[in-house]
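Residue-level structure breakdown
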Amino acid sequence: MSRGLGVPVECTDTDTSPDGRWDFEFTLNDGTTGAAEMTTITDAADREWRSLKSKQPTIDGSNYQWLVRRRGKPVRFGELLRHLGVVAPLVEQRDVDFELAIRDPSLDGNESVAWFRHHRLTVIKLGASPVNRGRVWPESDTVGAWGEPRLDAAIEWLEIELAKDGYAAKFDKLARSGATEQHLVLRLDIAGVPGPHLFAIDDPAASLPTRPPVIRGRRTTGLWLLPEFARSVVWWMARSGWHRMDLRP
C-alpha cells in the first residue's frame, strides 16, 4: 500500500490496541487522512486442507509420492490416509495412473477402492523418491482459467461477495475511524475466488476495470486486491480510479 500511495502506512491494529481498531492508517501528501482494514476472501476448508502439508503426512509401504485434491468435497484427511494406504500398493502393482487402476473390475469388492470411487478425489502418483517415499501432498482445489481475463467480471463477483453480512464488521470499523479515505484491503486466496476472476486480477497484462466498484449498502473510497502468490496488485481509489502495480522482479 505504501508503494502505491506514495506515503508511509502505519499498522495500527496491534496486540496492545483497543478492540475494534482498524488495521492501518496513512496521511496522503495533500494532508487527507486515511484508514484501511484488511480481510481475506478464502475457502476455510481448503485452507485447512493445504495446512496439512506442514505435518508431512505419509503412508507406509509406498515407494511413490501422492498428490491429492478434494474437488471441493469435504473429506476427513485421516480417513483419506487410511484408504490410500490400502489402495496405493494396488495402484503401484498395476503401474498405471490412479484413476485407471481403481476402475479395475477385480477390485470391486475392496472397501477402500469403493471409497475413492465414491468421493471422486483427484489422486496423482508422483515419481519415486528415497527422501519423500510415501509422502502425501494435499493440494488446493483451484482450477485453471482460459480465455481473455476480464477484470470487469471479477469486480461484479466481488461486489456480490462484499455485500454479504460477513463483511459488515469490516466496513463498520472503517466508518468508526472517521477518516476521509476509507480503504478495504482484500487478500484473495487461490481457492476463495473463482479461477477466471483471480487470474484477471493477478495478470499484469489484463486491462483495468472500466467502472468503479459499487458495494450495496457499504461505503468505501478505496479497494485493494492482493492475490495469493501475486504477480501484481490492483487497487481503486475514488479520487484517482483504478491502478495496477507489477510485483515481478
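Just so it is clear, the structure is predicted and the values come from calculations on it, not from any experiment.

1. Some thoughts on the overall build of the protein
- The number of helices and strands found in the protein is eight helices and 10 strands.
- Here the C-alpha radius of gyration of the protein, 23 Å, is well above what a compact globule of 249 residues would show, namely 18 Å.
- Overall size of the protein, expressed as C-alpha extent along the three principal axes, is 75 × 45 × 35 Å.
- Per-residue burial over the protein gives 45% buried out of 249 residues.
- Contacts in the protein between residues far apart in sequence, at least 24 positions, make up 70% of those at least 6 positions apart.
- Accessible surface, the protein as shown: approximately 13000 Å² in total, 51% of it carbon and sulfur.
- For the protein, the distance from the average position of its 33 positive side-chain charges to the average position of its 35 negative side-chain charges is 2 Å.

2. Side note on the sheet that holds strand β1 (residues 9-11)
- Strand order in the open sheet made by the seven strands is β1-β2-β3-β7-β8-β9-β10, with mixed pairing throughout. One side of each edge strand has no neighbouring strand; the edge strands of this open sheet are β1 and β10 (241-246). Strand-to-strand twist across the sheet, computed as the mean angle between neighbouring axes with direction ignored, equals 20 degrees.
- Judged from the eight bridges that link them, strand β3 (residues 33-41) and strand β7 (residues 181-188) form a sheet pairing that is parallel. When the sheet's bridge partners are listed, Glu 37 is paired in β7 with Leu 184.

3. Describing the pattern of salt bridges
- Tallied over the entire structure, the rule returns 14 salt bridges.
- One salt bridge connects Lys 125 with Asp 95, and the closest N-O pair in it is separated by 3.9 Å. With Lys 125 in strand β5 (residues 122-126) and Asp 95 in the loop between α3 (77-94) and α4 (98-101), this residue pair connects regions lying 30 residues apart in the sequence.
- For the salt bridge of Arg 103 with Glu 99, the shortest nitrogen-to-oxygen distance reads 3.9 Å.
- Judged by its relative accessible area of 53%, Arg 103 is exposed.

What counts as what
- Residues numbered from 1 in each chain as written.
- Predicted model: local features only at pLDDT ≥ 70, side-chain atom pairs only at ≥ 80, totals over all residues.
- Heavy atoms only, no water.
- Helix = DSSP H or I, 4+ residues; strand = E, 2+ residues; numbered from the N terminus.
- Rg over C-alpha atoms; globule rule 2.2 N^0.38 Å.
- Buried < 20%, exposed > 50% of the residue type's maximum accessible area, 1.4 Å probe, protein only.
- Contact = heavy atoms within 4.5 Å.
- Areas by Shrake-Rupley, 256 points an atom, 1.4 Å probe, with all protein chains shown as cover.
- Lys, Arg positive; Asp, Glu negative; His and termini not counted.
- Charge placed at Lys NZ, Arg CZ, Asp CG, Glu CD.
- Pairing = 2+ DSSP bridges.
- Axes fitted to C-alpha atoms, helices over the stretch in contact; angles between N-to-C directions.
- Salt bridge = Lys/Arg side-chain N within 4 Å of Asp/Glu carboxyl O.

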